[in-house]
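# What the coordinates show
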Amino acid sequence: QVQLVESGGGLVQVGGSLRLSCAASGRTFSSKAMGWFRQAPGKEREFVAGISRSGGSTHYKDSVKGRFTISRDNAKNTVYLQMNSLKPEDTAVYYCAAGEDEYEYWGQGTQVTVSS
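What this report covers is the structure whose coordinates are included nearby. (Residues numbered from 1 in each chain as written. Predicted model: local features only at pLDDT ≥ 70, side-chain atom pairs only at ≥ 80, totals over all residues. Heavy atoms only, no water.)

## Thoughts on the overall build of the chain
Under the convention used in this document: Secondary structure counts use DSSP, requiring at least four H or I residues in a row for a helix and at least two E residues in a row for a strand, with both numbered from the N terminus. Based on C-alpha atoms, the radius of gyration is set beside the globule rule, defined as 2.2 Å times the residue count to the power 0.38. When accessible area is computed with a 1.4 Å probe and restricted to protein chains, residues below 20% of their type maximum are described as buried, those above 50% as exposed, and intermediate ones as partly exposed. In what follows, a contact means two residues having at least one pair of non-hydrogen atoms within 4.5 Å. The accessible surface values rely on the Shrake-Rupley method and a 1.4 Å probe; as for residues, cover is taken only from the protein chains in view. The charged-residue count follows a simple rule in which Lys and Arg add positive charge and Asp and Glu add negative charge, with His and chain termini not counted at all. A charge is said to be at NZ when it belongs to Lys, at CZ for Arg, at CG for Asp and at CD for Glu.
Scanning the chain from terminus to terminus reveals zero helices and 11 strands. Along the chain, helices (α) and strands (β) appear in the sequence β-β-β-β-β-β-β-β-β-β-β when read from the amino end. The globule rule puts the C-alpha radius of gyration for 116 residues at 13 Å, and the 13 Å found for the chain is close to it. C-alpha atoms of the chain, sized along the principal axes, occupy 40 × 25 × 20 Å. Considering the chain as a whole, with its 116 residues, one finds that 42% of them fall into the buried category. For the chain, contacts bridging at least 24 residues in sequence account for 53% of all contacts bridging at least 6. Here the chain displays about 6,200 Å² of accessible surface, and carbon together with sulfur accounts for 44% of that area. Counting 13 positive and 11 negative side-chain charges, the chain places the averaged centre of each group 5 Å from the other.

## Observations regarding unusual backbone geometry
Even without being glycine, Asn77 reaches a positive phi, approximately 55 degrees. Locating Asn77 in the fold gives a position in the loop between strand S7 (68-73) and strand S8 (78-83). Not every positive phi belongs to a glycine, and Ser85 is a case in point at roughly 50 degrees.

## A few points about the sheet that holds strand S1 (residues 4-7)
Our working rule: Note on pairing: two strands pair once DSSP finds at least 2 bridges between them. The convention used is that axes are lines fitted to C-alpha atoms, helices contributing only their stretch in contact, and that angles between N-to-C directions extend from 0 to 180 degrees.
Across the sheet, which stays open at both edges, the four strands sit in the order S1-S3-S8-S7 with antiparallel pairing between neighbours. The open sheet terminates on both sides in strands that have one partner only, identified here as S1 and S7. Pairwise comparison of adjacent strand axes, ignoring direction, gives a mean angle of 15 degrees for this sheet. Relative to S8, strand S3 (residues 18-24) runs antiparallel, the two being bridged by six bridges. Counterpart to Arg19 in the pairing with S8 is Gln82.

If you want it as structure tokens, here you go:
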């Protein structure tokens, strides 16, 4: 079992930055691919960014490329999402996810609100 706890969400103005963190329990963190997803009110949850087990490979939703950066520290069992140049459409609950063949573990989410 893996437990995930997100932090770092909050209220920020347009153009601002936030860094989300996701702390994972257990000894198998480095064997899991990690991802960030988000869900805005009235919308389905969507993929935002993913990172491979070693951190050597990343991929992003097109609309966040160049603005968001996912990274991980396997020694700290933590994955991060640095979000810059935030836009109102980035407002959502952000979820951390982990898995080997698919994302099977999920955090409770952290709210990000971008105000104009």
